[in-house]
Every structure is written in C-alpha cells, then in structure tokens.
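Chain and residue survey
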Amino acid sequence: MKRLFITIAIIATTLAAMAAGRDTYTIIISLDGLRWDYPEAFDAPFFDRMARDGVKAVMSPSFPSKTFPNHYTLATGLRPDHHGIIANKFMVRDNGKVFSLSNREMRTDGRYFGGEPVWITAQRQGVTCATVYWVGSDVAIQGQHPTYWQDYLGEKLTHAQRVDEVLRLLQLPEAVRPHLVMCYFEEPDASGHACGPIVKQTRQAFERMDSLLAGMWQRLQALDIAPQINFIVTGDHGMAWVDNMRVIRPSQVLNPEWTTLIAGDLPTNIYVKSPECVDSVMNALSRVDHIRAWRKADIPAYLGYGSNPNVGDVFVMPDVGWLVTDGEVEDNGSHGFDHTASDMQVAFRAIGPDFKRGYFKPDRFPNVDIYPLLCYLLGVRPAPNDGYLTDLHDILVY
Ligand code: AMP
Ligand code: ZN
Ligand code: ZN
C-alpha cells in the first residue's frame, strides 16, 4: 500500500515537473572502476562532503560488470542483454564480425547500440544534452549524437581539459546551454587494473580524482546557475584482485576444432563451430574448478543475461579473482565478475536541489535506475527501460 502511494506520488510529481519544464541542470560524472568502498578506504574529502550535503549510496552494476555494457546501461536504463552491448568483446552472429573496444569501426557502428540513450530521449523532448566522453556518445545512434560530444581519444583530452569543457558548456548562452552533461574519466580503473584495488597507487589515483572533482565543484559554485545544479558522481563497476596464478587456460581444456571464438577473459562467451560441439565444450568445462559454465539457455535468471542472440553458445564465469585466458596476465586487478559480488559494487554520491541532504541510502540499487532518475531530473518522459524511479524515491526531495 505504501509502495503504491509512493508510486502515485512520484508519477504525479514527474508529470508536474514535465508540465512545468525543469530549470535545473544535471551533471553526471562516471569514474571508471569506482569501487564502492574507495571513498571509505581512502582519503576522500570531496566524496565525504557530497555525502554530508547530499546522498550517499551503493549501486550495483548490471551483468557483465564491464565498461561498455555498463556505461551504456547508465545511458539507456536497459540491461546489456537488452541494449545489445553484451560485453566489451562479442560476436555479432548476423555477420560473424567481432565487436571489441579496439575495433573502432565496430564500436562506433550505431546498429549495435540498441535502446534509447538519455541524450536522445531528452533531445527529442527539446532538452539540450552534452557529453565529455561517454560510451555511445561518439556513435550515431538512430542517426543522433548528443548536441555536444567528442570522438573518444582517451587521454588526448586530459582530465583538466574535461573539467574545463564541463565549465565551458555550462556557461554557454542560455538558449544553447545543455541541461544534461555526462562526463567520463578512466581513473581509478586504469590504476586498479595495473596495481589492484586497495593499494597505494590506486589510492593516489582515486585521491587525485577526488580533488579534481572538488575543483570542478568549486568552479561550478561560482556560476549564477549554481543553486540549480544537480551533481552526481558514480561509476560503472568495482574492481577485484587477480593474479597470474589464478588463470584457466582455454587451450589446455578445449579442442580448437570445437570453437570459432572465445571472447573475453571474464566472463567468457564461447561460440561453437556446430551445435554438437556444445556438449563437448560443456563436458570439458565440467572438470574445471573455479568457473561456472552454462549453455546459453541455462544461464541463471539473476544474471539477467542470455536472451540476446549474440551471447555465446556456452557462457563461462570465473569465480571472483580468477581469469579465463591464454594470454599473459600482468594486471593485478580486474572486473567482469558476478555483478552481485561485493567487489563489483559501485560508489554513488549526489548533491543538488533535488537530492536529500545527509542521506545514506540503506539498500543497494541497480544501475538501470539511473536512466529514469536522469529523465526525472530533466523533466522528460523516459523510453521503456529496465529501471524503476520508485527504487530511488527515498533519495529525492519532493
Ligand atoms: P575495461 O576493459 O572494461 O576496463 O574498459 C576500460 C577501457 O575502456 C578504458 O581503458 C577506456 O580507455 C575504454 N573506454 C572508455 N570509454 C570509451 C569509449 N567511449 N570509447 C572507447 N573506449 C572507451
Ligand atoms: Zn570500466
Ligand atoms: Zn577496467
């Protein structure tokens, strides 16, 4: 009954907000690999300040806990199985091509990006949007980009330049000023991979991001629109320890005659040469410790994975800390594990006129909820999605 009441209240407020139009601005920052406990484990004066003056929460990634699938989930509110970016690397069965981050032609082909990113939803309803790097923003999805966007060129755009760009965008003349700005940073993921999660170098990388964001916030406070800015900081997934001792070597287990592609070190989509090979692969994998393997149709429901045609015929998930690869393992940290594992959870902070002050959300929420949240903050009607604004009713001021 209480939930019904809350739902009705949220619908009424959303409709009122949409009718009135919103005079707020929303900035969402993604720090890649922002594990949920970094702000607790490390020195984080700005994260602490956001918690004090806003909302602190823990967010669950969608499965698989990788960068492309989850950034595009944050943008669309759809689980990877539904939006189509089902991994950082996968086979497109229709044409046999391999989607991967290193294949620019594939990763910028709009046909593979399903659903409707928030910038399209908002722009269709007359709200101007900007990105400073975000998965999907440099792709013509349904023929559209955000009004302001850049080709992804990694560190060519320094962190300081990204901050400058956010500030520039919010000082454009009102008629062309974006009401949504989405901005991405590669840290602390890069350090987390190289050195592991809770370790000096990753601490330093995280603390640099904390002070970078503090600087951005301070400059935003000097703008006339400062009281209208909702500022969200979160990420795509966490980080777990891995090492070169905990590795399963597919070449030692699987006959190459059975498979056309083994994609990803965790999780792993295996594409077979013919349907009969599925049994051979499953049989061989059943003797291997530290992994779980399923036929595509048997992937457990809680992962929300397996309905997409491009998921492998056999799907392998290593235990947290284990990898499936024939390559060299030089990293000390990785992600892509079971999205419910503690190490994969993500920190979330939000501050601004629409967020409660000093509120610690007691339950985790799934990252599919970010899309309906952004739509609510922008006062636009969301496209169909897997999230629920009602999950976040407690963090908002009505
Ligand atoms: P992961 O392997 O899941 O840790 O992916 C992290 C990598 O994704 C980072 O090294 C980034 O360089 C890369 N990345 C992030 N955003 C984009 C983008 N929009 N286009 C291409 N690569 C990206
Ligand atoms: Zn990532
Ligand atoms: Zn990563």
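Position numbers for residues count from 1 along each chain, tracking the sequence in the order it is written. A letter from A marks each chain and a number from 1 marks each ligand, given out in the order of writing. A pLDDT threshold of at least 70 governs which residues receive local features in this predicted model, and a stricter bar of 80 or more applies before side-chain atom pairs are shown or counted, although totals over entire chains, interfaces and linings include all residues. By convention in this description, side-chain values take in all heavy atoms of the structure and omit both hydrogens and water.

1. Quick look at the coordination of the zinc ion (ligand 2)
When a metal holds four donors in a tetrahedron, each ideal angle between them is 109.5 degrees; when it holds six in an octahedron, the ideal angles are 90 or 180 degrees. Each metal site is built from N, O and S donor atoms within 2.8 Å (3.2 Å for Na, K and Ca), and since water is not included, such sites may look incomplete. Coordination sphere of the zinc ion (ligand 2), protein contribution only: D32 (OD), T67 (OG1), D236 (OD) and H237 (NE2), at 1.9 to 2.1 Å. Around the zinc ion (ligand 2), the four donor atoms sit at angles spanning 95 to 130°, and that spread fits a shape best called tetrahedral. Sequence positions of the residues that donate to the zinc ion (ligand 2) give the spacing D-x34-T-x168-D-H. Separation of the zinc ion (ligand 2) from the zinc ion (ligand 3) amounts to 4.1 Å. With T67 in helix α4 (residues 67-76) and H237 in the loop between β7 (229-234) and β8 (240-241), the pair connects residues that are 170 residues apart, well separated along the chain. Labels for metal geometry use angle windows, namely 85 to 135 degrees for all angles of a four-donor tetrahedral site, and for square planar (four donors) or octahedral (six donors) sites opposite donors over 155 degrees apart plus all others within 65 to 115; sites meeting none of these are irregular. Only DSSP runs of H or I covering at least 4 residues are called helices, and only runs of E covering at least 2 are called strands; the numbering of each starts at the N terminus.

2. Topic: the pairing of strand β11 (residues 268-272)
Across the five residues that make up β11, a large majority, five, are buried. Every second residue of β11 is oriented toward a common face, with T268, I270 and V272 on one face and N269 and Y271 on the other, all of them buried. Pairing of strand β10 (residues 259-263) with β11 involves four bridges; the strand directions are antiparallel. Residue L261 lies in a different strand from β11, and its bridge partner there is Y271. Any two strands with at least two DSSP bridges between them are considered paired. Between β10 and β11, which pair antiparallel in sequence order, lie four residues; one of them, G264, sits at a positive phi of approximately 95°. Bridge count for β11 against strand β13 (residues 314-318) is three bridges, and the pairing is antiparallel. Counted as the bridge partner of T268 is V316 from β13. In this scheme, a residue with accessible area under 20% of its type's maximum is buried, one over 50% is exposed, and one in between is partly exposed, where area comes from a 1.4 Å probe on protein chains only.

3. Things to note about the coordination of the zinc ion (ligand 3)
Here the zinc ion (ligand 3) is held by D189 (OD), D189 (OD), H193 (NE2) and H335 (NE2), and the distances to it run 2.0 to 2.5 Å. Here the donor residues of the zinc ion (ligand 3) are spaced in sequence according to D-x3-H-x141-H. For D189, a relative accessible area of 10% puts it in the buried group. Judged by its relative accessible area of 2%, H335 is buried.

4. What to know about the sheet that holds β11
In space, the four strands of this open sheet follow the order β10-β11-β13-β12, with antiparallel pairing throughout. Each end of this open sheet is capped by a strand with a single partner; those strands are β10 and β12 (291-295). Here the strands of the sheet are splayed against their neighbours by 15° on average, with no regard to which way each runs. The contact criterion used throughout is that any non-hydrogen atoms of two residues lie within 4.5 Å. Every axis in this analysis is a line fitted to C-alpha atoms, fitted for helices over the stretch in contact. Angles between the N-to-C directions lie between 0 and 180 degrees. Contacts from helix α11 (residues 277-285) reach β10, β11, β12 and β13, with the element oriented near 160° to β12.

5. Some details on the domain arrangement of the chain
Throughout the structure description, domain borders are defined by an automatic or database domain assignment. Entries for the chain in the domain assignment read domain 1 (2-78 + 115-242 + 338-395) and domain 2 (247-334). Centre-to-centre separation of domain 1 and domain 2, based on C-alpha positions: 32 Å. Facing 19 residues of domain 1, the contacting portion of domain 2 comprises 16 residues. For the pair domain 1 and domain 2, the two sides together bury roughly 1400 Å², of which 59% comes from carbon and sulfur. A simple way to read buried area is as the amount of 1.4 Å-probe accessible surface that goes missing from two parts once joined, with both sides added. Contact with domain 2 buries surface across domain 1, with F63, H193 and V242 losing the most and accounting together for 46% of the total. We note a salt bridge from D265 to K66, for which the minimum N-O separation is 3.9 Å. For this analysis, a polar contact is any N or O atom pair within 3.5 Å, provided that within protein one partner can donate a hydrogen and the other can accept it, and provided that sequence-adjacent residues contribute only side-chain to side-chain pairs. At the boundary of domain 1 and domain 2, one finds seven residue pairs in polar contact (both at pLDDT 80 or more). The biggest single contributor to the side of domain 1 that touches domain 2 is helix α9 (residues 189-195), with four residues. Just so you know the grouping, Ala, Val, Leu, Ile, Met, Phe, Trp, Tyr, Cys and Pro go in nonpolar, Asp, Glu, Lys and Arg go in charged, and all remaining residues, Gly too, go in polar. Its residues assigned to classes, the side of domain 1 that touches domain 2 shows 11 nonpolar, five polar and three charged. The salt bridge definition used is simple: a Lys or Arg side-chain nitrogen within 4 Å of an Asp or Glu carboxyl oxygen.

6. Overview of the pattern of salt bridges
Across all of its chains, the model carries 21 salt bridges by this definition. Taking the shortest distance from any N to any O, the salt bridge between D164 and R219 comes out at 2.9 Å. Taken together, the residues D164 in helix α8 (residues 159-170) and R219 in helix α10 (residues 200-221) connect sequence positions 55 residues apart. By relative accessible area, which is 38% here, R219 ends up partly exposed. Of the charged contacts in the structure, one is a salt bridge between D394 and K361, with a shortest N-O distance of 2.9 Å. Of this pair, D394 sits in the segment after α12 (370-378) while K361 sits in the loop between β17 (359-360) and β18 (365-366); the two residues are 33 residues apart in sequence, bridging distant segments of the chain. K361 matches D394 in its accessibility class, with the two residues each being buried. Shared partners join several salt bridges into a network, and the residues in it are R35, D37 and D343.

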